[in-house]
Amino acid sequence: MLDNNGVERCDEFCTHGEIIGAVRPEMPEEEKLYDLAELFKIFGDTTRIRILYVLFEAEMCVCDIAEVLGMTQSAISHQLRLLKQAKLVKNRREGKTVFYSLADDHVRTIIDQGMEHIEE
């Protein structure tokens, strides 16, 4: 049977207590699910994805990232701030220059798995 949204559903309502009992304790806390959803929102912007791809290749300053992507330093800085808040990038200062890089290997893994999924 299809519901109003065209999604298939059971013909009659019934629950399976054994399955529910096994699944319910495995569910993460609501706060963790919220944090996870917020993390995935960060990946919902093409500019941020492009910045991450640039940082896959090299540690770079805002000026270099802006040049590679053909964007303003202001636009890049704004996106880097969000990526840093989400702990996806980190920075280090060398004199007057601030260099950005991926926070850890998990970032590349997340992007690689997403790309693999859409290419299936």
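Being a predicted model, the structure only gives us computed values, none of them experimental.

### Some thoughts on the environment of histidine 106
Reasoning step 1: One can find histidine 106 in helix H6 (residues 105-118).
Reasoning step 2: With relative accessibility at 57%, the residue histidine 106 sits in the exposed group.
Reasoning step 3: The sequence separation of histidine 106 and leucine 83 amounts to 23 residues, and the corresponding C-alpha distance is 14 Å.

### Considering the nonpolar core
Within soluble globular proteins, side chains that are nonpolar generally end up buried alongside one another.
Reasoning step 1: One finds Ile51, Leu52, Leu55, Ile65, Ile76, Leu80 and Leu83 to be the most contacted residues of the largest nonpolar core, which totals 23 residues.
Reasoning step 2: Breaking this core down by element, the ones donating at least two residues are helix H3 (46-57), helix H4 (62-69), helix H5 (73-85), strand E3 (97-102) and H6.
Reasoning step 3: Examining the composition of this core, we find that 5 residues originate from one element, H3, more than from any other.
Reasoning step 4: Every residue in contact with isoleucine 51, bar those within four places of it in the chain, is listed here: Ile65, Leu69, Ile76, Gln79, Leu80 and Leu83.

### Some remarks on the side chain of threonine 47
Reasoning step 1: Positionally, threonine 47 belongs in helix H3.
Reasoning step 2: In this structure, threonine 47 is in contact with Met71 and Gln79, ignoring residues within four places of it in sequence.

### Describing the pairing of strand E2 (residues 89-94)
Reasoning step 1: Across 6 bridges, the pairing between E2 and E3 is antiparallel. The residue bridging arginine 92 from the neighbouring strand is phenylalanine 99, located in E3.
Reasoning step 2: Two successive antiparallel strands, E2 and E3, enclose a turn made up of 2 residues, where glycine 95 displays a positive phi of approximately 65°.

### So, a nonpolar patch on the surface
Reasoning step 1: Taken together, Ile19, Val23 and Met27 make up a surface patch of nonpolar side chains, about 290 Å² in accessible area.
Reasoning step 2: By secondary structure assignment, the location of valine 23 is in helix H1 (residues 17-23).

### A short note on the pairing of E3
Reasoning step 1: Here E3 lies mainly inside the structure; 5 of its 6 residues are buried.
Reasoning step 2: Inspection of the sheet shows strand E1 (residues 60-61) paired to E3 by 2 bridges, in the antiparallel sense. Across the sheet, residue cysteine 61 finds its bridge partner in E3, namely phenylalanine 99.

### So, the sheet that holds E2
Reasoning step 1: Overall, antiparallel pairing links the 3 strands, which are arranged E1-E3-E2 in an open sheet. Each having just a single partner strand, E1 and E2 make up the two edges of the open sheet.
Reasoning step 2: Against the sheet, H3 engages E1, E2 and E3, with an angle of about 95° to E3.

### Digging into the packing of H3 against H6
When two helices pack together, their arrangement is captured by the angle between the axes and the distance separating the axes.
Reasoning step 1: At a minimum axis separation of 11 Å, H3 and H6 run at an interaxial angle of 120°. As for the relative orientation of H3 and H6, their crossing is left-handed in sense. Contact residues: H3 offers Ile49, Leu52, Tyr53 and Phe56, while H6 offers Val107, Arg108, Ile111, Asp112 and Met115.
Reasoning step 2: Class assignment for the residues of the contact of H3 with H6 results in 7 nonpolar, no polar and 2 charged.

### Some thoughts on the environment of aspartate 45
Reasoning step 1: In this fold, aspartate 45 is placed in the loop between helix H2 (30-42) and H3.
Reasoning step 2: According to the relative accessible area criterion, aspartate 45 is partly exposed, its value standing at 21%.
Reasoning step 3: With 53 residues separating them in the primary sequence, aspartate 45 and valine 98 have C-alpha atoms 23 Å apart.
Reasoning step 4: A polar contact of 3.0 Å, which involves the side chain of aspartate 45, links it to the backbone nitrogen of threonine 47.

Basis of the calculations
Residues numbered from 1 in each chain as written. Predicted model: local features only at pLDDT ≥ 70, side-chain atom pairs only at ≥ 80, totals over all residues. Heavy atoms only, no water. Helix = DSSP H or I, 4+ residues; strand = E, 2+ residues; numbered from the N terminus. Buried < 20%, exposed > 50% of the residue type's maximum accessible area, 1.4 Å probe, protein only. Core = buried A, V, L, I, M, F, W, Y, C linked by side-chain atoms within 4.5 Å. Contact = heavy atoms within 4.5 Å. Pairing = 2+ DSSP bridges. Patch = residues over 30% accessible without salt bridge, like charges linked within 9 Å, V, L, I, M, F, W, Y side chains within 5 Å. Areas by Shrake-Rupley, 256 points an atom, 1.4 Å probe, with all protein chains shown as cover. Salt bridge = Lys/Arg side-chain N within 4 Å of Asp/Glu carboxyl O. Axes fitted to C-alpha atoms, helices over the stretch in contact; angles between N-to-C directions. Left-handed = near helix turned anticlockwise from the far one by under 90°. Nonpolar A, V, L, I, M, F, W, Y, C, P; charged D, E, K, R; others polar. Polar contact = N/O pair within 3.5 Å; in protein donor to acceptor, adjacent residues only side chain to side chain.

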